[in-house]
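# A closer look at the structure
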Amino acid sequence: MWADREWMRDVFDSIHLEPHQKINHFRNHHQLTRKDQMAKNIKRHKRLLLRQHQHRECEQLDFIPQTFTLPHEYSIFVEEFKRSPPNSQWIMKPVAKCQGRGIFIFTKLSEIAQWKYSPYHAPIEQQPQQEQQNDDNERVVENYVVQRYIHQPLLIGCKKFDLRIYVLVTCYAPL
């Protein structure tokens, strides 16, 4: 059965499917597909492994660059930013956008000082002088993921790339 995300949220729990019927989404799939949720879940899993003294398994998750979710972890990020070497590169990605929209790289905190007030989420020098506001006339803050930029990433034809691998997952158990 082909279903969209809204159908999963609104209808899925109120129907019964036969054992042979399959759906193209899992409930709460955003826990793995959204940048902020994936970072949160990986951090949680690493803490669990460390509490269980499974240090070797925890080290296997070190392929993920240092990640912070803004605005929630902004103060923690600033502390880490100040400890990093000068001119370290960081990348900001909006949590709920795709195809590179809203992503930018920065080396100074001043370059992101206005990120939360811009509806366009581009580096400051490229932002129009407009702001998004909610019904209470307050500024709307969009969530971002900030990661330490990977030094010397693997390139193909002098361009960065990512792999989009699609697989059929029939069960998340025991997750």
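Up top you'll find the structure we're talking about.
Let me begin by describing the structure that accompanies this report. Just so it is clear, the structure is predicted and the values come from calculations on it, not from any experiment.

## Description of the overall build of the protein chain
Looking only at helices and strands, the protein chain has five helices and four strands in total. When the helices and strands of the protein chain are read in sequence order from the N terminus, they spell out α-α-α-α-β-α-β-β-β. Put simply, the protein chain has 175 residues, and 26% of those count as buried. Pairs at least 24 residues apart make up 46% of the contacts formed inside the protein chain by residues separated by at least 6 positions. Carbon together with sulfur atoms contributes 53% to the accessible area of the protein chain, which is approximately 13400 Å² in total.

## Digging into the side chain of E80
With respect to the helices and strands, the residue E80 is situated in helix α5 (residues 74-83). The exposure class assigned to E80 is buried, which follows from its relative accessible area of 15%. At 3.1 Å, the side chain of E80 and the side chain of R148 are in polar contact. Excluding residues within four positions of it along the chain, E80 makes contact with Q66, F68, W90 and R148.

## Focus: the layout of surface pockets
Roughly 290 Å³ of internal volume is contained in the second largest pocket. Surrounding the second largest pocket, 14 residues form its lining, K43, K46, P65, Q66 and T67 being those nearest its centre. Mapped by element, the contributors of at least two residues to the lining of the second largest pocket are α3 (35-51) and β1 (67-70). Here the residues of the lining of the second largest pocket sort into eight nonpolar, two polar and four charged.

## A closer look at the nonpolar core
Counting residues in hydrophobic clusters, the biggest one holds 14 residues, and the most contacted among them are L70, F77, W90, M92, F106, I112 and V146. Of all elements in the fold, only β1, α5, β2 (90-94), β3 (104-106) and β4 (144-148) reach the threshold of two or more residues within this core. In this view, V146 contacts Q66, T67, F68, L70, F77, W90, I91, M92 and F106; residues no more than four positions away in its chain are not counted.

## Notes on the packing of aromatic side chains
Two aromatic rings, taken as a pair, are described by how far apart their centres are and by the angle between their planes. For the structure shown, the criterion picks out ten aromatic pairs. With 5.1 Å between their ring centres and 80 degrees between their planes, F77 and W90 make a pair best called edge-to-face. Highlighted residues: F77 in helix α5 and W90 in strand β2, separated in sequence by 13 residues. Here F77 falls in the buried class, since its relative accessible area comes to 0%. A relative accessible area of 0% places W90 in the buried class.

Rules used throughout
Residues numbered from 1 in each chain as written. Predicted model: local features only at pLDDT ≥ 70, side-chain atom pairs only at ≥ 80, totals over all residues. Heavy atoms only, no water. Helix = DSSP H or I, 4+ residues; strand = E, 2+ residues; numbered from the N terminus. Buried < 20%, exposed > 50% of the residue type's maximum accessible area, 1.4 Å probe, protein only. Contact = heavy atoms within 4.5 Å. Areas by Shrake-Rupley, 256 points an atom, 1.4 Å probe, with all protein chains shown as cover. Polar contact = N/O pair within 3.5 Å; in protein donor to acceptor, adjacent residues only side chain to side chain. 1 Å grid on protein atoms, 1.4 Å probe; cavity = no way out; pocket = protein on both sides within 12 Å on 5 of 7 lines; lining within 4 Å. Points joined across faces, edges and corners; volume = space filled by probe spheres on them. Nonpolar A, V, L, I, M, F, W, Y, C, P; charged D, E, K, R; others polar. Core = buried A, V, L, I, M, F, W, Y, C linked by side-chain atoms within 4.5 Å. Phe/Tyr/Trp six-rings, centres within 6.5 Å; stacked < 30°, edge-to-face > 60°.

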